[in-house]
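In case you want the letters, here they are:
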Amino acid sequence: MKTAIFQFILVIFLFSCTSKPVPPTINPQAFDKVIDGKQVKLYTLKNQKGMEITVTNWGGRIVSWLVPDKNGVREDVVFGYDSINGYLNAKENYFGASIGRYGNRIAKGEFSIGDIHYKLAQNNGVNSLHGGVNGFSKKMWDVVQKSAGELSLKLVSPDMDEGYPGELSVSMVYRLTNDNELVIQYDAKCDKPTIINLTNHSYFNLHGAGNGTILDHQLTINADFFTPIDSTLIPTGELTPVGNTPFDFRTPTPIGSRINSEDQQIRFGLGYDINYVLNKKTDQNVSLAASVFEPESGRLLEVFTDQPGIQFYTGNFLDGKYPGKKGKTYGYRTGLCLETQHFPNSPNQPKFPTVQLDPDQVYAHTCIYKFSVKK
Ligand code: BGC
């Protein structure tokens, strides 16, 4: 009897070893380093469906994300590096980063609240991008709590950090559910009137990061309008209907089908790099903003949010020069970002929804990335 049980267990074990190749996970020790007097670490989130995500508290970044395909084979679908030094030595492309205090651009790095004028770091030509030179993507976040499927992080950004007013306390939770959703929940409070627009900057390739193109991915964006930009990628303030433009993704469309269109907006972004005005019934509810389907693997990514906008960026500034995880490279237009957000340069556009946060208010933002397969 004992032998039979042993044989049964052995068969199950061998079967589980051979049926689904499991890529080696990242070595957490390669993230052990002290930065700004704090310990950098790599944390792993797992669910019961075979999904596995690693996150580092440096920049609150998503480092890897193993997602099963239609045959149950897992691939790492986000860009990143195998070690903390990989991030520190590479050109900043914000792989997997938590972005703050202000995601995307603020024109000339300037804005006013009431009579007070503020000047931010200009790190993108004359504009300020993704929170400035030392934004949240490069800060040490504190770990508040960690369980198998959840990581809570905290960051206190001091008054005038990168030029932004007020001491801002941010809490961010990554929660992996058994429905293969990663729920990202941001909350923040500030002791002075300030502006805020947090987001996540993961680059996805549903073939697997470093496994080729995204131009065959079929994208849907639930938006009738986008915010057109000038040559420095600052919104003009208008809302343009997507109809009859290369920006119409109201029905599933391969990303590559119109990316080289003779279109001024495509030229300014060198491809897609644009904010969409999401169709919403109310301001508050989390609803489906966008979805991406990759037919070969069957992987489907859906993005839900309560924010008014989403930035669709096709990695037009990537050059593939810095080897990523397992030596793979991430070249021009091989990854896509779907960043849930308020509109770029809102502090200087009175017609856009406000991004001001007053001391009696709480900033709250939910972004859900949900994976499934379609055969
Ligand atoms: C922006 C791009 C920028 C990129 C930086 C995106 O959110 O829209 O213009 O180059 O971030 O990696």
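Since the structure is predicted, the reported quantities are computational estimates derived from the model, not experimental observations. (Residues numbered from 1 in each chain as written. Predicted model: local features only at pLDDT ≥ 70, side-chain atom pairs only at ≥ 80, totals over all residues. Heavy atoms only, no water.)

> So what's going on with the nonpolar core? Residues and values would help.
Counting residues in each nonpolar core, the largest one holds 60 residues, and the members touching the most others are Trp-65, Ile-221, Tyr-276 and Phe-312. Residues contacting Phe-312, with those up to four places away along its chain left out, are Leu-219, Ile-221, Phe-249, Ile-255, Tyr-272, Asp-273, Ile-274, Tyr-276, Leu-336, Cys-337 and Leu-338. (Core = buried A, V, L, I, M, F, W, Y, C linked by side-chain atoms within 4.5 Å. Buried < 20%, exposed > 50% of the residue type's maximum accessible area, 1.4 Å probe, protein only. Contact = heavy atoms within 4.5 Å.)

> Requested: an account of the site of the ligand, with residues and values cited.
With respect to spatial proximity, 13 residues lie near the ligand, and among them Arg-105, His-130, His-201, Asp-273 and Glu-339 are the closest. Arg-105 is positioned with one of its side-chain polar atoms (N or O) 2.8 Å from an oxygen atom of the ligand. Here His-130 contributes a side-chain N or O atom positioned 2.9 Å from an oxygen atom of the ligand. Considering the ligand on its own, with 310 Å² of exposed area, one finds that the protein chains cover 95% of that surface. Residue classes in the shell around the ligand are distributed as five nonpolar, five polar and three charged. (Near = heavy atom within 4 Å. Polar contact = N/O pair within 3.5 Å; in protein donor to acceptor, adjacent residues only side chain to side chain. Areas by Shrake-Rupley, 256 points an atom, 1.4 Å probe, with all protein chains shown as cover. Nonpolar A, V, L, I, M, F, W, Y, C, P; charged D, E, K, R; others polar.)

> Let's hear about the sheet that holds strand S14 (residues 168-176): which residues, and what values?
Neighbouring strands of a sheet are bound in pairs by backbone hydrogen bonds; such pairs are parallel or else antiparallel. Here we have nine strands laid out as an open sheet, ordered S12-S13-S14-S15-S28-S24-S23-S18-S21, and antiparallel in their pairing. Two strands bound the open sheet, and with one partner strand each, they are strand S12 (142-147) and strand S21 (253-254). In the sheet, strand S15 (residues 181-190) pairs with strand S28 (residues 363-373) via eight bridges, with the strands oriented antiparallel. Looking across to S28, one finds that Ala-188 is bridged to Tyr-363. (Pairing = 2+ DSSP bridges. Helix = DSSP H or I, 4+ residues; strand = E, 2+ residues; numbered from the N terminus.)

> Please provide a residue-by-residue account of the state of the cysteines, values included.
This model, assessed by the stated rule, comprises zero disulfides. Note on Cys-337: no disulfide assigned, nearest cysteine sulfur contributed by Cys-367 at a separation of 12 Å. Exposure remark for Cys-337: the relative accessible area of 0% places this residue in the buried category. (Disulfide = S-S within 2.5 Å.)

> Describe in detail the side chain of Ser-346, supporting the description with residues and values.
Mapped onto the elements of the fold, Ser-346 is located in the loop between strand S26 (337-341) and strand S27 (356-357). The class for Ser-346 is buried, based on a relative accessible area of 6%. With near-sequence residues (within four places) excluded, Ser-346 lies in contact with Tyr-102, Phe-352, Pro-353 and Val-355.

> Run through the sheet that holds strand S6 (residues 74-76), naming residues and quoting values.
Pairing within the open sheet is antiparallel, and its four strands lie in the order S3-S4-S5-S6. Of all the strands in the sheet, the pair left with one neighbour each is strand S3 (42-46) and S6. The average undirected angle you get between the axes of adjacent strands in this sheet is 20 degrees. Across five bridges, the pairing between strand S4 (residues 52-56) and strand S5 (residues 61-68) is antiparallel. Bridge pairing links Val-55 to Ile-62 in S5. (Axes fitted to C-alpha atoms, helices over the stretch in contact; angles between N-to-C directions.)

> Explain the pairing of strand S13 (residues 150-157) to me, and be specific about the residues and the numbers.
Across a regular strand the side chains alternate sides, sitting on one face of the sheet and then on the other. For S12 and S13, the ladder comprises five bridges, and the chain directions are antiparallel. Bridge pairing links Val-143 to Leu-153 in S13. What sits between S12 and S13 in their antiparallel hairpin is a turn of two residues. One ladder, built from eight bridges, connects S13 with S14; its direction is antiparallel. Bridge pairing links Ser-157 to Leu-168 in S14.

> Please provide a residue-by-residue account of unusual backbone geometry, values included.
For the bond running from Gly-100 to Arg-101, omega is -5 degrees, close enough to zero to count as cis. Backbone geometry places Arg-333, a non-glycine residue, at a positive phi of 55 degrees. Relative to the helices and strands, Arg-333 resides in the loop between strand S25 (309-313) and S26.

> Quick one: what's the story with the packing of aromatic side chains, residue by residue and with numbers?
Inspection of the entire model under this criterion finds 25 aromatic pairs. Plain terms: the ring middles of Trp-65 and Tyr-369 are 6.1 Å apart, the flat faces sit at 80 degrees to each other, and that makes the pair edge-to-face. Within this pair, whereas Trp-65 is found in strand S5, its partner Tyr-369 is found in strand S28, the two being separated by 304 residues in sequence. Tyr-369 matches Trp-65 in its accessibility class, with the two residues each being buried. Members of the aromatic cluster, joined through ring pairs, are Phe-31, Trp-58, Phe-79, Tyr-81, Tyr-87, Phe-95, Tyr-203, Tyr-313, Phe-317 and Tyr-330. In this structure, Arg-258 packs its charged tip against the face of Phe-249, placed 4.8 Å from the ring centre. Looking at Lys-374, its charged tip hangs above the ring of Phe-293, at a distance of 4.2 Å from the centre. (Phe/Tyr/Trp six-rings, centres within 6.5 Å; stacked < 30°, edge-to-face > 60°. Lys NZ or Arg CZ within 6 Å of the ring centre and 35° of its normal.)

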